[in-house]
Amino acid sequence: MSASQPVRGTRVRGTRQAEALASALEGLAGFRSAQDIHAELRRRGERIGLTTVYRHLMVLSQDGAVDTIRDEDGETLYRRCETSEHHHHVTCRSCGRSVEVEGRAVEHWADRVAAEAGFVDVDHTVEIFGRCPACAAE
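Residues numbered from 1 in each chain as written. Predicted model: local features only at pLDDT ≥ 70, side-chain atom pairs only at ≥ 80, totals over all residues. Heavy atoms only, no water.

Chemist: Explain the sheet that holds strand E8 (residues 127-130) to me, please; I cannot follow it from the model alone.
Modeler: Hydrogen bonding along the main chain pairs the strands of a sheet, whether they run parallel or antiparallel. Taken in spatial order, the three strands make up an open sheet running E7-E6-E8, and their pairing is mixed. Each edge of the open sheet carries a strand with a single partner, namely strand E7 (98-101) and E8. Neighbour-to-neighbour, the strand axes of the sheet open up by a mean angle of 25°, direction not taken into account. Inspection of the sheet shows strand E6 (residues 88-92) paired to E8 by four bridges, in the parallel sense. Counterpart to Thr 91 in the pairing with E8 is Phe 129. (Pairing = 2+ DSSP bridges. Helix = DSSP H or I, 4+ residues; strand = E, 2+ residues; numbered from the N terminus. Axes fitted to C-alpha atoms, helices over the stretch in contact; angles between N-to-C directions.)

Below is the structure:
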């Protein structure tokens, strides 16, 4: 996606707000809610609305620059993506630590199930939750 391509009147890159959001995402560990990211921006003195944060996160997610997962309550959480390749996450229920994992078996399963149902151009999301080794040891 180009820096000048508009999305709902908002550019993803090249604006002060987009740069502030990118900086905040770099400084935050793990997956965070849009409200958490907005609070961090406000703490840094940035004047950016929550709606703008949501818009930028949505576009960055679609662009593959931001990872998203849904927590156990269904809330979408975001973090800066470490890779541009399709991947999945295993996330600790206790501390929120997340590890990127490859899921070839999941990919094959999703393709097979979709094909059996006659679907094409399929996308999917898989979220795995558990307790990380450190939390399990406590």
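Let's pick the thread back up.
Chemist: Could you clarify how one ought to interpret helix H3 (residues 50-63) in this entry?
Modeler: Side chains that are three or four residues apart share a direction in an α-helix, a result of its 3.6 residues per turn. Between its terminal C-alpha atoms H3 stretches 20 Å, which fits the 20 Å expected from 14 residues at 1.5 Å a residue. Taken together, the buried positions of H3 are occupied by Thr 52, Val 53, His 56, Leu 57, Val 59 and Leu 60. Axial view of H3: buried residues confined to an arc of 170°, hence all on one face. Positive phi shows up at Gly 64, right after H3, with a value of about 85°. (Expected span 1.5 Å × (residues − 1). Buried < 20%, exposed > 50% of the residue type's maximum accessible area, 1.4 Å probe, protein only. Arc of directions from axis to C-beta.)

Chemist: Please explain the environment of Ala 20 as it appears in this structure.
Modeler: Residue position: Ala 20 is located in helix H1 (residues 16-27). Residues Ala 20 and Arg 47 lie 27 residues apart in sequence; the distance between their C-alpha atoms is 9.7 Å. Those residues in contact with Ala 20 that lie beyond four places of it in its chain are Leu 41 and Glu 46. (Contact = heavy atoms within 4.5 Å.)

Chemist: Quick question: what am I supposed to make of the side chain of Asp 67 here?
Modeler: When you line up the elements, Asp 67 lands in strand E4 (residues 66-70). You can call Asp 67 buried: its relative accessible area is 6%. The residues touching Asp 67, leaving out its near neighbours within four places in the chain, are Phe 31, Leu 77, Tyr 78, Arg 79, Arg 80, Cys 81, Glu 82, His 87, His 89 and Glu 100.

Chemist: I tried to follow the sheet that holds strand E3 (residues 32-33) on my own but got confused; where do I start?
Modeler: The strand order across the open sheet formed by three strands is E3-E5-E4, and the pairing between neighbours is antiparallel. What marks the edges here is a single partner per strand, and that holds for E3 and E4. In the packing of H3 onto the sheet, contacts are made with E4 and strand E5 (76-80), and the angle to E4 comes to roughly 105°.

Chemist: Which parts of the structure should I look at to understand the packing of H1 against helix H2 (residues 34-43)?
Modeler: Axes are the key here: two packed helices are described by the angle between their axes and the distance separating the axes. Taken N-terminus to C-terminus, the directions of H1 and H2 make an angle of 105°; their axes are 10 Å apart at the nearest point. By the angle class used here, H1 and H2 are roughly perpendicular. Residues Ala 20, Leu 21, Ala 24 and Leu 25 of H1 pack against Ile 37, Glu 40 and Leu 41 of H2. Residue composition of the contact of H1 with H2, grouped by class: six nonpolar, no polar and one charged. (Parallel < 35°, antiparallel > 145°, perpendicular 65-115°, else oblique. Nonpolar A, V, L, I, M, F, W, Y, C, P; charged D, E, K, R; others polar.)

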